[in-house]
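Residue-level structural notes
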Amino acid sequence: MNLKIEEKNDIVVIRVKEERLDAHNSGDLKIEMNRLFGEGRKNILVDLEDVRFIDSSGLGALVSGFKNAISNQGNLKLASLQPQVKSMFELTRLHRVFEIFPSSTEALDNF
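Bear in mind that the values here come from a model prediction, so they are computed numbers and not experimental data. (Residues numbered from 1 in each chain as written. Predicted model: local features only at pLDDT ≥ 70, side-chain atom pairs only at ≥ 80, totals over all residues. Heavy atoms only, no water.)

Where helix H1 (residues 26-38) meets helix H2 (residues 56-71), the axes come as close as 8 Å, and the angle between the chain directions of the two elements is 10 degrees. It follows from the interaxial angle that H1 and H2 lie roughly parallel. Of the residues in H2, those in contact with Ser 26, Leu 29, Lys 30, Met 33, Asn 34 and Phe 37 of H1 are Ser 57, Gly 58, Ala 61, Leu 62, Ser 64, Gly 65, Asn 68 and Ala 69. (Axes fitted to C-alpha atoms, helices over the stretch in contact; angles between N-to-C directions. Helix = DSSP H or I, 4+ residues; strand = E, 2+ residues; numbered from the N terminus. Parallel < 35°, antiparallel > 145°, perpendicular 65-115°, else oblique. Contact = heavy atoms within 4.5 Å.)

Now the structure itself:
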């Protein structure tokens, strides 16, 4: 999976550079988030700007990251959801669970 990882102050930004977040690659994102929380990172922002499709495996990886954040007294926020991805979050009601921002800049300002 193509992930671009940057650090902004004490926030790790994971940019998913794939058109699909599905069963074939969502495990890589989950592993990366687990690694970061395991290293003691508290705040992670996942930028989904390039993702045009997400399935239940992709949603599951993000939910796993969210649970990991909470258990480590941290935060996991999402940014830049495309319309199709946003509709999946609304359909599954996960937009009520995650803090979702229109852009990475707005999300970073909200940490």
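This is not the end of the story, as more comes after the structure.
Take the side chain of Arg 15 next. By secondary structure assignment, the location of Arg 15 is in strand S2 (residues 11-16). Polar contacts involving the side chain of Arg 15 include one to the side chain of Asp 47, which spans 2.9 Å. Residues in contact with Arg 15, not counting those within four places in the same chain, are Asn 2, Leu 3, Lys 4, Glu 6, Asp 47 and Ser 104. (Polar contact = N/O pair within 3.5 Å; in protein donor to acceptor, adjacent residues only side chain to side chain.)

Per the counting criterion, the structure on display carries two aromatic pairs. An aromatic cluster of three or more residues is present, and its members are Phe 66, Phe 89 and Phe 98. The lysine or arginine in question, Lys 77, covers the ring of Phe 111, its NZ or CZ lying 4.5 Å from the ring centre. (Phe/Tyr/Trp six-rings, centres within 6.5 Å; stacked < 30°, edge-to-face > 60°. Lys NZ or Arg CZ within 6 Å of the ring centre and 35° of its normal.)

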